[in-house]
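A structural walkthrough
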Amino acid sequence: MNNNEVTRLPFPTMKSLDKKPADSVKPGKKEAAREAKKSRISREEALELLKRYNKEPFHIQHALTVEGVMRWFAKELGYGEEEEFWGITGLLHDIDFELYPEEHCKKAPELLREAGVGEDMIYAVCSHGYGLCSEEEPRLEMEKVLFAADELTGLIWSCALMRPSKSTMDLEVKSLKKKFKDKRFAAGCSRDVIAQGAERLGWELDELFDKTIRAMRSCEAAVAEAMER
């Protein structure tokens, strides 16, 4: 990522990814017996932590959007008990980007540990930068969702802003697919990352698009309200 691209997009995104998924195992199979994950900090503490290192409105908006998207996916995919964990991970995933863009996903562990964040959440946060600025590979389904949806939210919101409604509420998959194929549109949103994210999850692109649009619809009003405070 670089700062010039961030100013052209509503959300910061990653441009490229070199590493391919290590396997194509369907999500959930490796996680059936594991204990539900719990956050070691509250949502209020996480928001305070986010705002300690992030002041730019588009960074705050992106964090809130990814939080909402992750909460929706947690419930949609059968991880309702982990909704808070998924959401807080989404809220904090870019915690170091505004102040330390050259150390993205490298400075984050220090900032998060100081605040009492657990190692499982720290790993998940760093895994969204796999192949570009992190060596932590997404392995759990939650980490794969974050990897895929983080980049895709930027593309979806860019599409929404082109519509008269300026909203995701009337955005359809077919419209998103057209913009996905147009590499000049929201060029900072890596199509490779999005495609690899879908592959890691074992989903077709259309399924990832549909689910993420619906996830963004679920939190759009709440994010807008939070940004007005």
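Structural data are supplied above this passage.
To start, this report covers the structure provided alongside it.

Along the backbone of the protein chain there are 10 helices and 0 strands. The secondary structure elements of the protein chain, listed N-terminal to C-terminal, are α-α-α-α-α-α-α-α-α-α. Taken across its 229 residues, the protein chain has 54% of its residues classed as buried. Pairs at least 24 apart in sequence give 71% of the contacts found in the protein chain among residues at least 6 apart. Just so you have it, the protein chain exposes about 10,600 Å², and 48% of that area is on carbon and sulfur atoms.

This brings us to the side chain of serine 134. Counting through the fold element by element, serine 134 comes out in the loop between helix 6 (119–127) and helix 7 (141–161). Within the structure, the side chain of serine 134 is placed 2.6 Å from the side chain of glutamate 136, a separation counted as a polar contact. If we ignore the near neighbours within four places in the chain, the residues touching serine 134 are Cys105, Cys126, Ser127 and Gly129.

Moving on to the environment of glutamate 143. Structurally, the position occupied by glutamate 143 is in helix 7. Among the residues examined, glutamate 143 registers a relative accessible area of 4% and is labelled buried. With 58 residues separating them along the chain, glutamate 143 and leucine 201 place their C-alpha atoms 9.8 Å apart. Ignoring sequence-local partners within four residues, the contact set of glutamate 143 consists of Tyr123, Ala124, Ser127, Glu137 and Pro138.

Before going further, it helps to spend a moment on the packing of aromatic side chains. To describe a pair of aromatic rings, one takes the distance between the centres and the angle between the planes. Inspection of every chain in the model, using the stated rule, returns 4 aromatic pairs. Consider the rings of phenylalanine 73 and tryptophan 203, whose centres lie 6.0 Å apart with planes at 20°: the pair is stacked. Of this pair, phenylalanine 73 sits in helix 3 (residues 57–76) while tryptophan 203 sits in the loop between helix 9 (191–201) and helix 10 (205–228); the two residues are 130 residues apart in sequence, bridging distant segments of the chain. Ring centres of tyrosine 79 and tryptophan 86 lie 5.0 Å apart, and the angle between their planes is 35°; on these two criteria the pair is classed as tilted. For the residue pair tyrosine 79 and tryptophan 86, the accessibility class agrees, reading buried in each case. In this structure an aromatic cluster arises from ring pairing among Trp72, Phe73 and Trp203.

So, how was this worked out
Residues numbered from 1 in each chain as written. Predicted model: local features only at pLDDT ≥ 70, side-chain atom pairs only at ≥ 80, totals over all residues. Heavy atoms only, no water. Helix = DSSP H or I, 4+ residues; strand = E, 2+ residues; numbered from the N terminus. Buried < 20%, exposed > 50% of the residue type's maximum accessible area, 1.4 Å probe, protein only. Contact = heavy atoms within 4.5 Å. Areas by Shrake-Rupley, 256 points an atom, 1.4 Å probe, with all protein chains shown as cover. Polar contact = N/O pair within 3.5 Å; in protein donor to acceptor, adjacent residues only side chain to side chain. Phe/Tyr/Trp six-rings, centres within 6.5 Å; stacked < 30°, edge-to-face > 60°.

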